[in-house]
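Per-entry structural report
Residue strings, one per chain:
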Amino acid sequence: MRHGRAALAVSFFTQGALFALLVTRIPAIQDRYGISDGLLPVFLAAVPILAGGGSIATEQIVKRVRPSVVLRWVQPVVAVVLLLLGAGDQLWVAAVTLALFGVCVGGLDASMNMLGVSLQHTYRRSIMLGFHASYSLGGIVGASLAWSGAHWHVSLVALYGPAVAVLIPLTLVASRWYADQEQPAVETADEGGRQTVVMRMLMPLCLVMAFAYIGDSTVSNWSAKYLQDTLHSSEQLSTVPYAVYMVTTLIGRSVGDFGVRRYGAAPVVRLGTVVAMAGFAVVAAAPGAWVGMLGFTLLGLGLCVIVPQTFAAAGRMFPGDSDAAIARLNIFNYVGFLVGSPLVGALGDVWSYRGAMLVPMLLVGATLLYARSFEAGPAGYGVGHERQRTVDVG
């Protein structure tokens, strides 16, 4: 199990790096392919929409093959697609590669979290935040590489090529130790012996997932513009909030599992929600750039715990069919990402960007209404003061 846990952490790290290498170089991709400002949102919106489709397809695929098999082969495909995107120069190449990237990322995100939840079931203690900390670390590394490429005017193919050449062998080697676990039998199974996922029960967690990603996409898409245009920072300083957000996300996730083990998932999610709401409030009321940076710091510390614990809660809610529950929940990751940026932009244009920050604050705050969904389920962990285990699996 220790080998499986380390191998999956490598996968999360790789995905964080690959995704950061894409999103932080969107302006360069736009210039390379001559994508107009009017057409760019269409391309960007297609990625999460197709990723949702990929997540839906993965739910069906894992009924026939193990999630580890899906992850083992889809992750190298994502890396190759990114390289092809950096190497092309015609608009149809951008359309095809971004479409493939979206579909494959949907399958990748779903299968990674399926394996993470199944490992957590085996450990019978919280480890999901640690996997997402690896993702945050990969994002920091990928964003740093992208910054270096932009600073030294490195072409996209020269930037992506070495990264892909390292990450593909790394993940293929690590995939030898991916650990699938059998899902436990439960009383609420259907006639085929498999538990049925009830969307009415899952929907509170789906909403929490969407709200969390609305908050996350607000930071990733609007922090620089908000600091520069609303808080009148320098252009150089405006690039700092997202980096601060990623670092505090890494810190929060690195220690978050200990909080879940000690106090339980629901209290940790409640605390994270309150901290995130405070962060949005500070950002909205900030008199200057440095106070605004404090707000984005609080946002990183607050939002970082919600998504991993939402996946974990879905696994506890449907232990007999956690793969299907996670695949469906994962769709709302992309719903939040798709809604968040246009929502804040539209409100900023018709109202004010300070006022627009209050809307994701209220949406994230709705997590408090659904906090009971994070209480321990049949798996028996998540309420704090975990039960003693007869065998220590690491």
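Residues numbered from 1 in each chain as written. Predicted model: local features only at pLDDT ≥ 70, side-chain atom pairs only at ≥ 80, totals over all residues. Heavy atoms only, no water.

A word on the overall build of the protein chain. Scanning the protein chain for helices and strands turns up 14 helices and 0 strands. The C-alpha radius of gyration computed for the protein chain amounts to 20 Å, which stays within 12% of the reference 21 Å derived for 394 residues, consistent with globular compactness. Judged by the C-alpha coordinates and their principal axes, the protein chain covers about 55 × 45 × 35 Å. Relative to its full complement of 394 residues, the protein chain shows a buried share of 54%. Accessible surface, the protein chain: about 16600 Å² in total, of which carbon and sulfur atoms supply 66%. (Helix = DSSP H or I, 4+ residues; strand = E, 2+ residues; numbered from the N terminus. Rg over C-alpha atoms; globule rule 2.2 N^0.38 Å. Buried < 20%, exposed > 50% of the residue type's maximum accessible area, 1.4 Å probe, protein only. Areas by Shrake-Rupley, 256 points an atom, 1.4 Å probe, with all protein chains shown as cover.)

This part is about the pattern of salt bridges. For the coordinates displayed, the defined rule picks out 3 salt bridges. Between R328 and E59 there is a salt bridge whose closest N-O contact spans 2.9 Å. Here R328, found in helix 13 (residues 322–350), pairs with E59, found in helix 3 (residues 40–61); they are 269 residues apart in sequence, far enough to count as distant. Taking relative accessible area as the criterion, E59 reaches 7% and is therefore assigned buried. (Salt bridge = Lys/Arg side-chain N within 4 Å of Asp/Glu carboxyl O.)

Turning to its location among the elements, F332 is positioned in helix 13. Along the sequence, F332 and V307 sit 25 residues apart, while their C-alpha atoms lie 11 Å from each other. Apart from residues lying up to four places away in sequence, F332 is in contact with M203, C206, M209 and A210. (Contact = heavy atoms within 4.5 Å.)

Quick look at helix 3 now. Between its first and last C-alpha atoms helix 3 spans 32 Å; for 22 residues at 1.5 Å apiece the expected length is 32 Å, and the two agree. For helix 3, the complete set of buried residues consists of L40, F43, V47, P48, A51, G52, G54, S55, T58 and E59. Considering only its buried residues, helix 3 is in contact with helix 2 (26–33), helix 4 (67–87), helix 5 (91–123) and helix 13. (Expected span 1.5 Å × (residues − 1).)

Glancing now at the environment of T248. Structurally, T248 is set in helix 9 (residues 240–263). Take T248: its relative accessible area is 8%, and that puts it in the buried class. Remark: the alpha-carbon pair of T248 and L100, spanning 148 residues in sequence, is separated by 31 Å. Those residues in contact with T248 that lie beyond four places of it in its chain are F296, T297, G300 and L301.

As a further point, take the environment of V283. For V283, the position within the fold is in helix 10 (residues 265–285). Leaving out residues up to four positions away in the same chain, V283 has contacts with Y226, G292, G295, F296, L299, R354 and M357.

So, on to the packing of helix 1 (residues 2–23) against helix 6 (residues 128–151). It is the contact of helix 1 with helix 6, at a shortest axis distance of 6 Å, that shows an interaxial angle of 35°. You can see that helix 1 and helix 6 cross each other, and the crossing is right-handed. Residues R5, L8, A9, F12, F13, Q15, G16, A17, F19, A20 and L21 of helix 1 pack against F131, H132, S134, Y135, L137, G138, G139, V141, G142, A143, L145 and A146 of helix 6. Partitioning the contact of helix 1 with helix 6 into residue classes produces 15 nonpolar, 7 polar and 1 charged. (Axes fitted to C-alpha atoms, helices over the stretch in contact; angles between N-to-C directions. Left-handed = near helix turned anticlockwise from the far one by under 90°. Nonpolar A, V, L, I, M, F, W, Y, C, P; charged D, E, K, R; others polar.)

Let's shift gears to helix 7 (residues 156–174). Taking 1.5 Å of rise per residue, 19 residues should cover 27 Å, and helix 7 covers 26 Å from first to last C-alpha, within 8% of that figure. Among the residues of helix 7, those classed as buried are L156, L159, Y160, G161, A163, V164, L167, I168, T171 and A174. Where the residues of helix 7 are buried, they touch helix 1, helix 2, helix 4 and helix 6.

A separate point is unusual backbone geometry. Positive phi values are uncommon outside glycine, yet R124 reaches one of about 60°. Structurally, R124 can be placed in the loop between helix 5 and helix 6. At H232, a residue that is not glycine, the phi angle is positive and equals roughly 60°.

Turning our eyes to something else, we now look at the nonpolar core. Membership of the largest hydrophobic core comes to 110 residues, with the highest contact counts inside it found for L22, I29, L205, L299, F311 and F374. For this core, the leading source of residues is helix 5, giving 14 residues. (Core = buried A, V, L, I, M, F, W, Y, C linked by side-chain atoms within 4.5 Å.)

Where helix 9 contacts helix 11 (residues 289–303), the two axes come as close as 7 Å, and the packing angle between them is 35°. Note on packing geometry: the crossing formed by helix 9 with helix 11 is right-handed. On helix 11, the residues that touch V240, P241, V244, Y245, T248, T249 and G252 of helix 9 are M293, F296, T297, L299, G300, L301 and L303. A per-class count over the contact of helix 9 with helix 11 returns 9 nonpolar, 5 polar and no charged.

In the structure shown here, the tally under the stated rule is 4 aromatic pairs. Seen from their ring centres, F12 and F131 are 5.6 Å apart, and the 15° between their planes marks the pair as stacked. Here F12 is found in helix 1, whereas its partner F131 is found in helix 6, with 119 residues between them in sequence. For F12, a relative accessible area of 1% gives the class buried. Positioned above the aromatic ring of W177 is the side chain of R176, whose terminal nitrogen or guanidinium carbon lies 4.9 Å from the ring centre. Over the ring of F258 we find R261, and its NZ or CZ is 5.1 Å from the ring centre. (Phe/Tyr/Trp six-rings, centres within 6.5 Å; stacked < 30°, edge-to-face > 60°. Lys NZ or Arg CZ within 6 Å of the ring centre and 35° of its normal.)

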